[in-house]
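Structure assessment
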Amino acid sequence: MLFALLLALAATAGGALMTYLYDRDAPAPARLAAGAATGTAALGLVGFVLASFAGLTPATLAVSGALAAAPLLLLVKDGELRARVRDDARGAARGLRRAATFRDAQGAATLVLFVLSALVSRAVFARAAYVRGGDLFTGLDNNIGDLPFHAGIVSGFVHGENFPPEHPEYAGARLTYPFIVDFVAAMFVRAGATLEGSLFWQNFMLAVALVVLLWRWASELTRDRLAALFAPALVLLSGGLGFWHFLREGDDALTHYYTMWGDSYKWGNAVTTLLVPQRGLLLGLPVALVVWTLWWKANNSFESRGDDATDAREKARKGKGAKKRAKVADAKTAAHVGAATKGGASPFASPAFRQMLAAGVVAGLLPLVHAHSFVVLMTMGGCLALLSVWEASGRREIAEAMEAGETRAGVAERVKEWAVFFVAALALAVPQMLWATYKSNVEAGSFFGLHVGWEEGKQSLFAFWLKNTGLFIPALVAALLWRAGRERRPLVPARLRRFYLPFTLCLFVPYVFKLSPWAWDNIKVMYYWWVAAAPLVALLVAHLWRRGAPGLVAALALLVVLTLSGALDVYRVASGRMEQRVFSREGVAFAEMVRERTPPRSVILHAPTYNHPVLLTGRRGLVGYAGHLWSHGITGYAERETDAADIYRGGPEAEALLARRGIEYVVVGPLERGEMAARGLSVNEAFFQRYRKVGQVGGFVLYKTARG
C-alpha cells in the first residue's frame, strides 16, 4: 500500500510543480488539484506505454512514478522556482491559519467548502465498492453494472497480462473504452493496494481535486469569491424538481433516486449517475477544467485591452475638449496594444502563449482518459478560436488608433496562440486515437444519428426540462439578462457571455443528434454545458445574496431548489440507504481459484451476465453482458451469444464451436443455469463431464475444454 501511495504522491507533486511553468498566480489548492488530475493522467499514459513493452512489473511502476515526478528536478537547478515554491507554501500555511481561526471570513468559507466536500466524498466513494464478509458490495443503484465492468478492466491489467488490452467481455476485440483511470487503479493494485482500496483512494483524490478546480474555474470566470463558493454545489448537486416527491412520500422517502427516476426524470445527479459509475469522467472533467481555466486566462487579456480601449474612447468623447481627449486616448491605446502585438518580447514567450501551449498538452492527454471530454474540448476550442480571432479583427477602437499592420498583428497573436493549442493537443492525441481505432470492433456508425428530443419521450419539452433541470435554465437566462447597479451594467460581462456562448452547443447538439449507441449517454456531453453555465448562475445567486434580507431569502430559496434533489440522492448513498451485492464470497473465491489455475490470457466461456466472477480474474470472456457491449458500439455479439447457448446445451456442434471460438475453459455454475433457464433451455451437465475439471468452489465449476 505504501508503494501505491508513493505513486499517487509522485504524480500529484510532478503535476503540481508543472503549474509554475504556465499558471504563475494559481493558489496552492488549485496547484495541488491540477497536479492530481494532470499527474494521474500522465502517470497512466506513461505507465501504459511502458507496461505494453515490459509488463506491469514493479520496475515498470517505479520508472513510471519517477517519470511522473521528473518535474521535481526543476527544483534542483532553478533557485527562483525553489523560492517561489517556498514562499507559496508559507503563504498557504498562513492563509490556512487565518481561515481556521476565522480571521479571514472568505478564506474560512472556502476552507469549509473544501473540508465539507472531502467528508462527503469520503462517505460517497466508500460506498462505491466495499467488502463485507467476503462479499463485494456497492451502495449505488447506478453502479451495479459499471463496477463489475471496471473491475474487469483493472483485473485484466493486474492478473491477465492484457497488453494490448482486449475488451474483458469480448475476447479478441480491442478495448476502445477509455481505460486510463482504470489502468492507474491497476498500478495501485499491483503496488500492493486492494481492488476496493485502490478504487476508493483514487476516486477520493480526484473528487476533492474536482471541487477545488470548480472553485478556481468559477473564481477566475466571475471574479466573485462568493459565486466561486456556490458553483461547486450547483455542479455536483445538480438535479431537477424531484425533491417535490420526497416532500410528499413520508415513510417511503429515500427509497429511490430523485434525479433519475421513472420515465420523467432522466438528467440524473452528477455524483450518483456520472462521476461514481462512469469513472473516466471523474478524471476527464478536472483535466478539462484545467484547460478551460487556461483558455480563459490566455484569451481574456486581448478582450480586456479592447474593452478598456472602448471605455476610454467613450469617456473621451464626452464633454468639453472631447476631440483632444480622444486623441490622447487613441495614443494610449496604440501604445498599449502595439506593445503587446509588435516589438518587445516575442509573442512566443508571452504568458498567453505558455498557457495555450500547456492547455494543448493537457488536452492531449484526454483521448484514452475520457473520449467525450476530448471531443468537447476540441469542438469548444475551435468555436472559441473563431470567436477570438473575430473579436481581435473587429476592434474598431484599436484599429482607429493603430496602423493596419498593428491590427493584423493582433489577429496574428490570437491565431498563434490557438494554433499552438491545437498543434500540441493533436500531437499527443492523434497517436492515441490511431492506436485505439486500429482494427477496432466498434461500429462507428452506431454512435451517430438523428435523435431529436433526447430522453423526453412523450412529455412536452417545457415539462421535461423543468422537471429535470428545475430552475437552472430560467436562472441562467436571468443571469445573462440581469443588469445591476446604478449604471445598469450587465451582471455577466460581455466577454464572459461570449466565452460561454459555444458551450450551449453541448446542450443543443446532443438534444438533436445521438452521440452514443445509447442516447442517454449524450449526457456525457450535455453535462459540460451545465458545468460551463454553473458559474453564471452562481453569479446571480451571489448578487441576490448581497441585496439585503429579501435578496438573501431569494438566493437561499434558489439554492435549495437547484440542489435539494441532488443533495437527497447524494445523502441516500452516503447514509447507506441502499446496497447491492455485486460479487458473492463464493464468486470471489472462485475467481481466486481461476487465477491460480489458468494462464493469464485464457479465453473462458461463462454466462453473459454483468457480474460474473470471471471479470475478477483478468481472463477474457467469449461474450459478456449485452448491455455493455451494445453501449460500447460492439456489433456481432448476438452470434456469440447463440454459440454460447448451443455449447451449454451440449448439442452436436458444441465441441466444434468450442474449437472454432478458441475457448479454453468453460464455467458451469448458478449463473449459467439461470441464463439458460431464462432462454427456456438447460445446461447439459453430462456434456461437460467429458472434460477435465480444473476446480470447483461452491456451485461454480471450471472445466478445461482445450487440449494441451
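Right, let's walk through the structure included here. What you see is a predicted model, and the numbers here were worked out from it, not measured in a lab. (Residues numbered from 1 in each chain as written. Predicted model: local features only at pLDDT ≥ 70, side-chain atom pairs only at ≥ 80, totals over all residues. Heavy atoms only, no water.)

Section: the sheet that holds strand β10 (residues 665-668)
Put simply, the test is: A pair of strands is treated as paired once DSSP finds two or more bridges between them. Numbering of helices and strands runs from the N terminus; a helix is a DSSP stretch of H or I covering at least four residues, while a strand is a stretch of E covering at least two.
One open sheet accounts for five strands, arranged β9-β8-β10-β12-β11; its pairing is mixed. The sheet terminates laterally at β9 (620-621) and β11 (692-697), the two strands that pair on one side only. Bridge count for β11 against strand β12 (residues 700-704) is five bridges, and the pairing is antiparallel. Across the sheet, Lys-693 pairs through a bridge with Tyr-703, a residue of β12.

Examining helix α22 (residues 505-512)
Side chains that are three or four residues apart share a direction in an α-helix, a result of its 3.6 residues per turn. Heads up, the rule is: Burial status follows relative accessibility: with a 1.4 Å probe on protein chains alone, a residue under 20% of its type maximum counts as buried, one over 50% as exposed, and anything between as partly exposed. Directions pointing from the helix axis toward each C-beta atom define the arc. Any two residues having at least one pair of non-hydrogen atoms within 4.5 Å are treated as being in contact.
All of the buried residues along α22 are Cys-506, Leu-507, Pro-510 and Tyr-511. Across the axial projection of α22, the buried residues extend over an arc of 125 degrees, all falling on one side. Of the surrounding elements, those touching the buried residues of α22 are α16 (371-393), α19 (461-469), β6 (513-514) and α23 (523-545).

Some remarks on the pattern of salt bridges
For clarity, the cut-off: For salt bridges, the criterion is a side-chain nitrogen of Lys or Arg within 4 Å of an Asp or Glu carboxyl oxygen.
As enumerated under the stated definition, the model contains 23 salt bridges in all. Notably, a salt bridge pairs Asp-25 with Arg-216, separated by 3.9 Å at the nearest N-O pair. One end of the pair, Asp-25, is in the loop between α1 (2-22) and α2 (28-54); the other, Arg-216, is in helix α9 (residues 195-222), with 191 residues separating them in the sequence. Owing to a relative accessible area of 49%, Asp-25 belongs among the partly exposed residues under this scheme. Taking the shortest distance from any N to any O, the salt bridge between Asp-521 and Lys-524 comes out at 3.9 Å. Asp-521 gets classed as buried once you look at its relative accessible area, which sits at 7%. On the accessibility criterion, Lys-524 (11% relative accessible area) is buried.

Regarding the packing of aromatic side chains
As a reminder, the rule being used: Ring pairs are drawn from Phe, Tyr and Trp, using the six-membered ring of Trp, whenever the two centres fall within 6.5 Å, and their geometry is named by plane angle: stacked under 30 degrees, edge-to-face over 60, tilted for the rest.
Enumeration over the complete set of coordinates arrives at 49 aromatic pairs. Taken together, a centroid distance of 6.1 Å and an interplanar angle of 50 degrees make the contact between Trp-217 and Phe-499 tilted. Remark: Phe-499 occurs in helix α21 (residues 494-500) and Trp-217 occurs in helix α9; sequence separation between them is 282 residues. The exposure classification of Trp-217 matches that of Phe-499, with both residues buried. Ring geometry for Trp-267 and Trp-529: centres 6.2 Å apart, planes at 90 degrees, overall edge-to-face. One end of the pair, Trp-267, is in the loop between α11 (243-249) and α12 (270-275); the other, Trp-529, is in helix α23, with 262 residues separating them in the sequence. Neither residue differs from the other here; Trp-267 and Trp-529 are each classed as buried. Every member of this aromatic cluster is reached through a ring pair, and the members are Trp-267, Trp-454, Phe-464, Trp-465, Phe-472, Tyr-511, Trp-529 and Trp-530.

A short note on α23
Keep this limit in mind: Multiplying 1.5 Å by the residue count of a helix minus one yields the expected span of that helix. Two axes enter the definition of the bend at a residue: one is fitted to the seven residues ending there, the other to the seven starting there, and the bend is the angle between them.
In this model, α23 (23 residues) spans 31 Å end to end at C-alpha, consistent with the 33 Å of a helix rising 1.5 Å per residue. The sharpest bend along α23 reaches about 35 degrees and sits at Ala-533, with the proline Pro-535 one to four residues further on. Counting buried positions over the 23 residues of α23 gives 22, a clear majority of the element.

A closer look at unusual backbone geometry
Phe-163 connects to Pro-164 through a cis peptide bond whose omega is -10 degrees. The residue Pro-164 is located in the loop between α7 (146-159) and α8 (180-190) in this model. Phi at Phe-102 is positive, roughly 60 degrees, even though this residue is not glycine. Tracing the chain through its elements places Phe-102 in the loop between α5 (79-100) and α6 (105-125). With a relative accessible area of 63%, Phe-102 lands in the exposed category. With phi around 55 degrees, Arg-223 is a residue other than glycine that occupies positive phi space.

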